[in-house]
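# Geometric and topological summary
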Amino acid sequence: MDVSGAVQWWEEWQLRILVLASVVNQGILMLASFFRKLHNRPSWFRQFLIWLAYLGSDAIAIYALATLFNRQKKHSGHGVLEVLWAPVLLIHLGGQDAISAYNIEDNELWTRHLLTSVSQVTVAVYVFCKSWPGGDKRLLQAAILLFIPGILKCFEKPLALSRASINSLVSSDEPILRSIDRSELKIDPLEDFIEKATSSAGPNDTPATPADFAPYKLFVDLASPSPGHRMRMLMSFTALDDIQAHRKLQFCLHQTFYLLYTKQKMFGRHGMDMDDYPNVRSIVSLFVRGLTMYLPFAAIALFHQSHREAYIKEDVVVTFILLSCTAVLEFHVSFLNFDMPIENPRIQRPKLWPVFEKKNPRPASTIDSIVSQYNLIGLLVRNKEHSKMMTIMGDFGCTDFLQQRWPVKSCRSSFKITKVVLKYVKNGWDHHISDVSIYRKFSDNRGQSTLERQGCYQELGWSLEGAFDESVLLWHLATDFCYYMDTGASPSQCTQDSCPGVYACPAWCKGSEHHEGAVLCREMSNYMIYLLYVNPEMLMAGTRRNLFTAAYDELKGTIVVGDNKSPVEEKDLTQRIIFAVDGGGSPPPDGTQRQQGGITHLAWSIAKVLSGLPEEKMWNVIQGVWVEMMCFSAARCRGYLHAKGLATGVEYLSYVWLLQYYMGMETLAAKLQKVDHHRKGVEDGDDPLTSHATGPSGSSGAHAEGQFAGYRASDDPMEEIL
């Protein structure tokens, strides 16, 4: 076939290939939406495929409609069945119910989607009216039946995006809780809440009125609700056991994902307010679902009764494939793929969806219990194993891009971490929090409380006084040093199958009685360093990703000079790094350098202090510090970032953030809007500009009295965040 023949073949088959590609892309998009809900953190390649399918859904349909428009202008009266494909392309342009938006920014672009829908519906109707030859009533009836759901779905998508936009979610019609009043009798809402929570009733009792756990307001950074509502949430969540609490968090994240990234918001005022279900909007949406499900099958029946023999054979085959696949996809999506989460026992699931058993919910059906991991020393080992590939990527300047999208294997430990975080917050309410001052100090802890309680603050408090990202990096390396530190059992004696004894085994060995706790600490450490390097904006505003790369270069310089035999085990490499930075050792025989300062040396200083403690106490200290760091980071992350993270898989930090909110802790929005107590200080005779307490860095090493004496939090929220 010569070039002219190929061009002629493409002119003849172009539109057929485009409409078939459109229906195939709809199938891929349906599968992509399923995997998007099933996996916590899909690989970057799977995310790329989902993104490509989402963009292709609109691009292919628009291109096909433009091609149809041009063909009908050139060949008026030919290709009658091609005109029937226009309403089917409108159905495809409406997208899948389970993936209305790929990321949260798509919801803000709903006006662009509205303009696209108006223009494409106009093109489709114009082409149909201009090119319809008449004569075949059955085919005309089939086209009309397809235009009805096609036009409805086209305009439903921008409406769904609009209702999931930030402006729509914050425009609540609920009563506004006012906090400013001229009356002399003023009650601080936070003081009122803490007084109720610490009263004789306590947070462990069951509230008389059920709490509303709908978190959509939290994800758009609205301030905390009234003290009564916060108290009901605290009492209800505290009454749950560990498994129930974890499932509650999963359900609420699942619910929020459906609200923001699917068309669930079309089934209620905000997709969450289900008490008044059904309403007019939900009935209209269900009516559209019904039309989309059944009208394509009716169109297939009418097309089967039309004068098919009078049309081009290839067009007939393509039409049957197009109508059949579209009908099956719409039917499948409406019944199986969009399983809307409903937890309220008073609400009955619509009959368009199958009834699922509510007594045994599947906690990981849509948001899996996975915690992303990254490791500084592990990255060094991996890059040495793939040195040639990393050299090639470095020549193209893509090393950082590859490393951020190539984390270490994730772990399934979200429930274990949730359990220790919940225990920490419950313990704070039961034994520590008694007033607003202690409440804020508890919220501001990032390891100081654990060090003070374990008697380690004087030796290790300095590691938590600086920038938060530096503390995370130091404790990450210190945790690895403690995990792989040699305890006397030689590697030949301590193996997975045969160990000399549990007390002689190091923490990395499964025979150690501290192995499970040490692994959990290391998983928390790896997750926090993952946030620092891969998702720094969620760790803390102003987090410096280049701290990670600087530490990587420092470690690489520690072992690479004179080293021709690259280790392949993290344990061996970690022990060599320890030997290199330990000032008490002799120079290594292979010529490795010893760092006399820097991040590695400071991390080893922390590890040396920790290694001097009893092993059980050492891992309790490490676990306590990481739990407090997680809570500190989660409380200072915007709800918008948590909502944005749900698009590509839930970040585990969202679990901690939501748990703290349900347990009565302050969110970032509440911290920024809380009342300053300058007036109270003036009335008490204190100068508000000089009454702030100094932290550990301003002391001479002596400890203040009290549970949280090692850490003094500022009452200024902006100063606290900076």
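What counts as what
- Residue positions are given per chain, counted from 1 along the sequence in the order it is written.
- Where totals are concerned, whole chains, interfaces and linings use all residues; where local detail is concerned, this predicted model gives features only for residues with pLDDT of at least 70, and gives and counts side-chain atom pairs only at 80 or more.
- Hydrogens and water are ignored here; the side-chain numbers use all heavy atoms of the structure.
- A run of H or I in DSSP counts as a helix once it spans at least four residues, and a run of E counts as a strand once it spans at least two, with each numbered from the N terminus.
- Here's how the labels work: a residue is buried when its accessible area is under 20% of the maximum for its type, exposed when over 50%, partly exposed in between, all with a 1.4 Å probe on protein chains only.
- Contacts: residue pairs with any heavy atoms within 4.5 Å of one another.
- With residues, only the protein chains shown are counted as cover, and all accessible areas are computed by Shrake-Rupley using a 1.4 Å probe.
- The rule for a salt bridge is simple: a side-chain nitrogen of Lys or Arg has to be within 4 Å of a carboxyl oxygen of Asp or Glu.
- Across the chain, each position has a pLDDT score giving the predictor's confidence in that residue, from 0 to 100.
- Lines are fitted to the C-alpha atoms to define the axes, a helix being fitted only along its stretch in contact, and any angle between axes, read from their N-to-C directions, falls within 0 to 180 degrees.
- Each angle receives one of four descriptions, namely roughly parallel if under 35 degrees, roughly antiparallel if over 145, roughly perpendicular if within 65 to 115, and oblique otherwise.
- For this classification, Asp, Glu, Lys and Arg are treated as charged, while Ala, Val, Leu, Ile, Met, Phe, Trp, Tyr, Cys and Pro are nonpolar and the rest, including Gly, are polar.
- Each patch is built from salt-bridge-free residues with over 30% relative accessible area, joining like charges within 9 Å and nonpolar side chains (Val, Leu, Ile, Met, Phe, Trp, Tyr) within 5 Å.
- Among the buried residues, those of types Ala, Val, Leu, Ile, Met, Phe, Trp, Tyr and Cys that are joined through side-chain atoms within 4.5 Å form a nonpolar core.
- Pairing of N or O atoms within 3.5 Å defines a polar contact, subject to two protein rules: one partner must be a possible hydrogen donor and the other a possible acceptor, and residues neighboring in sequence count only if both atoms are side-chain atoms.
- Geometry of aromatic contacts follows a simple scheme: Phe, Tyr and Trp rings, the Trp one being its six-membered ring, pair when their centres are within 6.5 Å, and the pair is stacked under 30 degrees between planes, edge-to-face over 60, tilted otherwise.
- Ring-over charges, as used throughout, are those where CZ of Arg or NZ of Lys falls within 6 Å of the ring centre and within 35 degrees of the ring normal.

Tallying secondary structure elements over the protein gives 32 helices and two strands in all. In the protein, which comprises 722 residues, the share counted as buried stands at 53%. Of all intrachain contacts in the protein linking residues separated by at least 6 positions in sequence, the fraction that spans at least 24 positions is 79%. Here the protein has roughly 32,700 Å² of accessible surface; of this, 57% comes from carbon and sulfur atoms.

We now examine the pattern of salt bridges. For the structure shown, the criterion picks out 17 salt bridges. Asp-221 is paired through a salt bridge with Arg-638; the nearest N and O atoms lie 3.5 Å apart. Of the two residues, Asp-221 is situated in the loop between α9 (216–219) and α10 (227–238) and Arg-638 in the loop between α27 (615–635) and α28 (639–645); the sequence distance between them amounts to 417 residues. Its relative accessible area of 23% is what places Asp-221 among the partly exposed residues. Through salt bridges with shared partners, one network takes in Glu-12, Arg-16 and Asp-315.

Next up on the list: the confidence of the model for the protein. For the protein, per-residue confidence averages 77 on the pLDDT scale, and residues scoring 70 or more make up 73% of the total. Confidence drops under pLDDT 50 across residues 269–277; counting only partners more than four residues distant or on other chains, this segment forms 33 contacts. The low-confidence segment residues 677–722, where pLDDT is below 50, has 60 contacts with residues more than four positions distant or belonging to other chains.

Helix α18 (residues 436–443) packs onto helix α8 (residues 189–197) with a crossing angle of 90° between their chain directions and a minimal axis gap of 10 Å. What the angle tells us is that α8 and α18 run roughly perpendicular. On the side of α8, the interface is formed by Leu-190, Glu-191 and Ile-194, while α18 contributes Val-436, Tyr-439 and Arg-440. Within the contact of α8 with α18, the residues separate by chemical class into four nonpolar, no polar and two charged.

Locating Ala-647 in the fold gives a position in the loop between α28 and α29 (652–662). Relative accessible area serves as the criterion here: at 4%, Ala-647 is assigned to the buried category. When the C-alpha atoms of Ala-647 and Ala-101 are compared, they prove to be 8.4 Å apart, with 546 residues separating the residues in sequence. Contact partners of Ala-647, with chain neighbours within four places excluded, come to Arg-36, Tyr-102, Asn-103 and Tyr-261.

Let us look at a nonpolar patch on the surface. Taken together, the side chains of Trp-44, Phe-45, Phe-48, Leu-49, Trp-51, Leu-52 and Leu-55 present a nonpolar region at the surface, about 680 Å² in accessible area. With respect to the secondary-structure elements, Phe-48 resides in helix α2 (residues 44–74). Residue Phe-48 is classed as partly exposed on the basis of its relative accessible area, which comes to 36%.

Moving on, we come to the nonpolar core. Core analysis: the biggest nonpolar cluster contains 126 residues, and Trp-429, Trp-475, Met-528 and Leu-610 have the highest contact counts within it. For this core, the element with the highest residue contribution is α27, accounting for twelve residues. In this view, Trp-475 contacts Leu-451, Leu-460, Ser-463, Leu-464, Ser-525, Ile-606, Leu-610, Val-621, Ile-622, Val-625, Trp-626 and Met-629; residues no more than four positions away in its chain are not counted. Membership of the second largest hydrophobic core comes to 43 residues, among which are Leu-15, Ile-91, Phe-128 and Leu-146.

Time to look at the environment of Lys-617. Assignment of secondary structure puts Lys-617 in helix α27. The exposure class of Lys-617 is partly exposed, given its relative accessible area of 26%. Residues Lys-617 and Gln-454, spaced 163 residues apart in sequence, show a C-alpha to C-alpha distance of 8.0 Å. A polar contact is formed between the side chain of Lys-617 and the backbone oxygen of Gln-454, at a distance of 3.0 Å.

Here we come to the packing of aromatic side chains. Enumeration over the complete set of coordinates arrives at 25 aromatic pairs. Both rings, one in Phe-48 and one in Trp-51, keep their centres 5.8 Å apart while their planes meet at 40°; by these two values the pair is tilted. In this pair, Phe-48 and Trp-51 both sit in helix α2, three residues apart, roughly one turn of the helix. Measuring from ring centre to ring centre gives 6.0 Å for Phe-297 and Phe-331, while their planes differ by 90°; the resulting arrangement is edge-to-face. Highlighted residues: Phe-297 in helix α12 (residues 280–304) and Phe-331 in helix α13 (residues 313–337), separated in sequence by 34 residues. Using a relative accessible area of 37% as the deciding quantity, one classes Phe-297 as partly exposed. Grouping aromatic residues by their ring pairs yields a cluster made of Tyr-527, Tyr-530, Tyr-652 and Tyr-655. In this structure, Arg-230 is placed above the aromatic ring of Phe-193, and the distance from its NZ or CZ to the ring centre is 4.3 Å. Here the basic side chain of Arg-446 rests over the ring of Phe-632, its NZ or CZ set 5.6 Å away from the ring centre.

With that settled, the discussion passes to the environment of Tyr-552. Assignment of secondary structure puts Tyr-552 in helix α24 (residues 546–560). Here Tyr-552 falls in the buried class, since its relative accessible area comes to 11%. Here the alpha-carbon distance between Tyr-552 and Leu-380, two residues 172 residues apart in the chain, equals 7.3 Å. Those residues in contact with Tyr-552, other than ones at most four positions away along the chain, are Leu-376, Leu-379, Leu-380 and Asn-383.

As a packed pair, helix α11 (residues 242–261) and α29 sit with axes 10 Å apart at the nearest point and diverge in direction by 110°. On the basis of their axis angle, the class for α11 and α29 is roughly perpendicular. Each of His-246, Leu-249, Gln-250, Cys-252 and Leu-253 in α11 lies in contact with α29, whose residues at this interface are Ser-654, Tyr-655, Leu-658, Leu-659 and Tyr-662. Classifying every residue of the contact of α11 with α29 gives seven nonpolar, three polar and no charged.

Among the ten residues that make up helix α14 (residues 376–385), nine are buried, leaving the element largely enclosed by the rest of the structure. Turning to α14, its buried residues are Leu-376, Ile-377, Gly-378, Leu-379, Leu-380, Val-381, Arg-382, Asn-383 and Lys-384. Its side-chain oxygen at 3.1 Å from the backbone nitrogen of Ile-377, Asn-375 defines the N-terminal cap of α14.

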